[in-house]
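Spelled out, the chains give:
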Amino acid sequence: VHRTCRIPTRNECAASNQSTRGHPNICMLRENFDEEDDYLLVLDLVMGKEMFDHLIEHEAYSEADASRLVRQVASALDFIHGIGVVHADLKVRVI
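How each quantity is defined
- Residues numbered from 1 in each chain as written.
- Predicted model: local features only at pLDDT ≥ 70, side-chain atom pairs only at ≥ 80, totals over all residues.
- Heavy atoms only, no water.
- Helix = DSSP H or I, 4+ residues; strand = E, 2+ residues; numbered from the N terminus.
- Polar contact = N/O pair within 3.5 Å; in protein donor to acceptor, adjacent residues only side chain to side chain.
- Contact = heavy atoms within 4.5 Å.
- Pairing = 2+ DSSP bridges.
- Buried < 20%, exposed > 50% of the residue type's maximum accessible area, 1.4 Å probe, protein only.
- pLDDT = per-residue confidence, 0-100.
- Expected span 1.5 Å × (residues − 1).
- Arc of directions from axis to C-beta.
- Salt bridge = Lys/Arg side-chain N within 4 Å of Asp/Glu carboxyl O.

1. What about the side chain of His-23?
Note on placement: His-23 falls in the loop between helix H1 (10-20) and strand S1 (29-34). In this structure the side chain of His-23 is engaged in a polar contact, spanning 3.0 Å, whose partner is the backbone nitrogen of Asn-25. His-23 has contacts with Ser-75, Ala-76 and Phe-79, leaving out every residue within four places of it along the chain.

2. Some remarks on the pairing of S1
Here S1 runs beside strand S2 (residues 39-43); their pairing, made up of five bridges, is antiparallel. By the bridge assignment, Phe-33 is partnered in S2 with Leu-40. Here S1 hands over to S2 after four residues, the two strands then running antiparallel side by side.

3. A word on the environment of Phe-33
Of note, Phe-33 is situated in strand S1. By relative accessible area, Phe-33 is classed as partly exposed at 36%. Excluding anything up to four places from it in sequence, Phe-33 contacts Asp-38, Tyr-39, Leu-40 and Val-42.

4. Re the confidence of the model for the protein
Of the residues in the protein, 78% reach a pLDDT of 70 or more, and the chain-wide mean stands at 77. Across the protein, the element-wise mean pLDDT spans from 59 in H1 up to 90 in helix H3 (residues 63-82). Below pLDDT 50 for its whole length, residues 1-5 participates in six contacts with residues either more than four positions away or in separate chains.

5. Here's the deal with unusual backbone geometry
Here Glu-59, not a glycine, exhibits a phi torsion of approximately 70°, which is positive. With respect to the helices and strands, Glu-59 occurs in the loop between helix H2 (51-58) and H3.

6. Comments concerning H3
Given a rise of 1.5 Å per residue, 20 residues ought to cover 28 Å, and the 28 Å separating the end C-alpha atoms of H3 matches this to within 8%. Among the residues of H3, Leu-69, Ala-76, Leu-77 and Ile-80 are the ones counted as buried. Within H3, the buried residues cover an arc of 100° as seen down the axis, which keeps them to one side. Across H3 from its buried face, at more than 90 degrees, point the exposed residues Glu-63, Ala-64, Val-70, Arg-71, Asp-78 and Gly-82.

7. Topic: the side chain of Asn-32
Structurally, the position occupied by Asn-32 is in strand S1. Taking the relative accessible area as the measure of exposure, Asn-32 reaches 18% and is therefore buried. There is a polar contact of 2.8 Å between the side chain of Asn-32 and the side chain of Tyr-39.

8. A word on the pattern of salt bridges
Counted according to the given criterion, the structure contains three salt bridges. Residue Lys-49 is joined to Glu-57 by a salt bridge in which the shortest nitrogen-to-oxygen separation is 2.5 Å. We classify Lys-49 as exposed; its relative accessible area is 57%. Between Arg-68 and Asp-65 there is a salt bridge, and its shortest N-O distance comes to 3.6 Å. One end of the pair, Arg-68, and the other, Asp-65, are both in helix H3, three residues apart, so they sit about a helical turn from each other.

Structure below.
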């Protein structure tokens, strides 16, 4: 983590982890470590490719796949917004 980034505290990580538990489209924060020069986060392993990689390989999603993906992203965003969390860097590269 670049030192100019806002680093969440242990309490924020714990609260975030508890509040997002159970949503099928949100990976869980399992552990966090504050090392001398680094802040390390251990998240669930997410299998598959990023949306961006799929777009590069296939140039598009089918209408059915695109619709399913948009519903999943909207559901996850609605869930986190409902608990007062905002995703600060939402883009195809991180989905």
